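So the chains spell out like this:
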Amino acid sequence: MSEMKRAENANDFSKGSIARNILSLALPMTVAQLINVMYSIVDRIYIGHIPHASAQALTGIGLCLPVITMITAFANLFGMGGAPLCSIARGGHEEQRAEKVMGNSFAMLLISGGILMAVCLIFQKPLLYLFGASDATYPYAEEYLSVYLIGTLFVMTSLGMNNFINAQGFGRMGMLTVLLGAVLNIILDPILIFGCGMGVRGAAIATVISQGASAVWVLAFLTGKRALLRLTRRAMRLEGKLVREITLLGTSGFVMAVTNGTVQIVCNAVLARHGGDLYVGIMTVINSVREIITMPVTGLTSGAQPVIGYNYGAGCYDRVKSAIRFMSIGCIVFSLAVWAVLFFEPRFFLQLFTRESELIREGIPAMRIYFCGIFMMALQFAGQSTYVALNRPKQAVFFSLFRKVLIVVPLTILLPRAAGLGTDGVFLAEPISNVIGGTASFVTMLATVWRGLDTGRR
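Computed from a predicted model, the values in this text were never measured in an experiment.

Reading guide: rules and limits
- Residues numbered from 1 in each chain as written.
- Predicted model: local features only at pLDDT ≥ 70, side-chain atom pairs only at ≥ 80, totals over all residues.
- Heavy atoms only, no water.
- Helix = DSSP H or I, 4+ residues; strand = E, 2+ residues; numbered from the N terminus.
- Expected span 1.5 Å × (residues − 1).
- Buried < 20%, exposed > 50% of the residue type's maximum accessible area, 1.4 Å probe, protein only.
- Contact = heavy atoms within 4.5 Å.
- Axes fitted to C-alpha atoms, helices over the stretch in contact; angles between N-to-C directions.
- Parallel < 35°, antiparallel > 145°, perpendicular 65-115°, else oblique.
- Nonpolar A, V, L, I, M, F, W, Y, C, P; charged D, E, K, R; others polar.
- Left-handed = near helix turned anticlockwise from the far one by under 90°.
- Phe/Tyr/Trp six-rings, centres within 6.5 Å; stacked < 30°, edge-to-face > 60°.
- Patch = residues over 30% accessible without salt bridge, like charges linked within 9 Å, V, L, I, M, F, W, Y side chains within 5 Å.
- Areas by Shrake-Rupley, 256 points an atom, 1.4 Å probe, with all protein chains shown as cover.
- Salt bridge = Lys/Arg side-chain N within 4 Å of Asp/Glu carboxyl O.

A. How the structure looks around helix H10 (residues 240–274). Between its first and last C-alpha, H10 extends 48 Å over 35 residues, near the 51 Å set by a 1.5 Å rise per residue. At the C-terminal side of H10, Gly276 shows a positive phi close to 85 degrees.

B. Examining the environment of Pro416 more closely. Structurally, Pro416 can be placed in helix H16 (residues 393–418). Residue classification places Pro416 among the buried positions, given a relative accessible area of 6%. As for Pro416 and Leu359, which are separated by 57 residues in sequence, their C-alpha atoms are 20 Å apart. Sequence-distant contacts of Pro416, defined by excluding residues within four places in its chain, comprise Val270, His274, Leu411, Leu421, Gly422, Gly425 and Val426.

C. Quick peek at the side chain of Gln384. Relative to the helices and strands, Gln384 resides in helix H15 (residues 377–389). A residue is classified by how much of its surface remains accessible, and Gln384, at 3% relative accessible area, is buried.

D. Expanded view of the side chain of Ser441. Secondary-structure assignment places Ser441 in helix H17 (residues 423–455). Look at Ser441 and you get buried, because its relative accessible area is 0%. For Ser441, the residues in contact, after removing those within four places along its chain, are Leu379, Gln380, Gly383, Gln384, Tyr387 and Phe399.

E. Summary view of the packing of H15 against H16. Where H15 contacts H16, the two axes come as close as 8 Å, and the packing angle between them is 155 degrees. Classed by the angle they form, the pair H15 and H16 counts as roughly antiparallel. Along the contact surface, H15 presents Met377, Gln380, Gln384, Tyr387 and Val388, while H16 presents Gln395, Ala396, Val397, Phe399, Ser400 and Arg403. Partitioning the contact of H15 with H16 into residue classes produces six nonpolar, four polar and one charged.

F. Structural view of the packing of helix H7 (residues 152–167) against helix H8 (residues 171–195). Running from amino to carboxyl end, H7 crosses H8 at an angle of 155 degrees, the nearest separation of the two axes being 7 Å. Here H8 runs roughly antiparallel to H7, going by the angle between their axes. As for the relative orientation of H7 and H8, their crossing is right-handed in sense. Here H7 contributes Asn162, Ile165 and Asn166 to the contact with H8, which in turn contributes Gly171, Met173, Gly174, Thr177 and Val178.

G. Main features of the packing of aromatic side chains. The tally for this structure, following the rule as stated, stands at 12 aromatic pairs. Taking the centre distance of 5.9 Å and the plane angle of 5 degrees together, the rings of Tyr387 and Phe399 count as stacked. Pair noted here: Tyr387 is in helix H15 and Phe399 is in helix H16, with a separation of 12 residues, a long-range link. Summarising the burial analysis for this pair, Tyr387 and Phe399 share the class buried. A network of ring pairs unites the aromatic residues Tyr387, Phe398, Phe399 and Phe402 as a single cluster.

H. Representation of a nonpolar patch on the surface within the structure. A surface patch of nonpolar side chains, about 520 Å² in accessible area, is lined by Leu176, Leu179, Leu180, Val183, Ile187, Ile191 and Trp217. At six residues, H8 tops the list of elements feeding residues into the nonpolar patch. Residue placement: Leu176 occurs in helix H8.

Set out below in structure tokens:
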């Protein structure tokens with residue numbers, strides 16, 4: 001039996017244990033996503049310990065997060081939009097269509113990345129002030145962002161195309177993609193920030209170099225002999241119908257990232273008004289902690305999506321239901337455990353990023369409020385991932401908008417003023433949205449998707 005045939009049999013998700021299939025992808029993908037988060041987290045940890053400027057520098061990096069989130073959004077649009085279609089095509093043994101999906105996704109990543117880089121470089125100053133920058137924090141934000149944007153195409157390629165390595169069942173290879181970049185970043189950060197005295201700019205240079213290495217790794221694998229589906233120039237020729245399908249399905253991940261960026265902008269602006277730069281810094285730490293603790297959940301849901309999509313394409317609906325059940329229970333159990341840890345030990349997480357006593361003192365109650373409903377977000381993740389895996393973009397997009405735009409943003413603006421809660425109102429908006437949005441997304445999934453699988457309706 002050829003090596004290619006053995007790989008195809010090993011990555012046939014219609015056979016074997018559902019839990020084993022999911023975990024074989026989810027575990028390396030979780031490690032990969034945790035490592036990927038370390039790109040920016042490590043930057044913030046080192047920057048938060050720069051002598052005599054840690055609080056302002058950390059706040060400056062926080063102001064860049066909406067732009068970084070927007071870049072991630074476009075990577076999600078074409079990467080996460082194409083990967084489920086690729087899995088469904090593989091399940092239906094339509095390899096040629098799967099390769100076209102991958103090629104068109106890559107072409108759109110390059111096009112959108114180039115446009116995004118140019119626009120952000122031109123308008124970065126007004127954007128940063130819009131996001132809540134002050135004259136004291138703007139220099140740090142500009143110093144980081146102007147360098148980071150140069151590596152936009154690297155970020156788009158490594159984040160977006162790694163989805164197609166995972167969609168083919170090569171979870172460990174996907175993990176190695178980000179491991180390579182993260183290790184480089186961890187090594188280069190202290191050298192450039194402290195050793196070369198480059199400060200914030202050094203952190204950005206380390207990130208760009210690291211993402212570049214990851215991008216080269218991804219392209220080398222997808223154009224090499226080990227890949228089941230290969231990236232070719234012919235497959236990169238854009239087809240209007242296919243681009244629309246990819247974009248429609250990827251809109252869910254795009255909207256989730258864009259709305260996250262929108263929430264970050266609104267939160268920073270309201271906190272700057274009611275609490276000053278200190279509370280923008282606290283929100284930067286909270287966002288960093290959230291990225292870390294939600295990675296295992298997103299790793300599990302990301303690992304489940306190829307399995308769900310493959311079995312759906314193969315018509316194995318009982319296995320689809322088993323995968324959804326395993327994914328949902330896993331998300332809920334983990335989120336409950338994380339909630340308990342965050343409630344009792346918020347100081348530990350704050351001290352990872354700063355030694356500023358005032359920031360830690362004010363950050364402890366803020367973190368407890370913000371994360372008190374984190375276990376309900378598991379329902380949002382499970383419902384959202386099911387919609388995406390089964391090519392139901394309308395539902396996925398709606399619930400993305402519902403939680404962030406219709407609940408979080410209005411509450412973030414209204415609670416500090418109307419309810420007189422001040423900065424506490426900003427942090428309280430998140431758990432309220434988790435309860436309402438998570439419940440609505442999951443219950444609707446059970447009432448629609450789950451029932452459809454019972455009757456065999458596609």
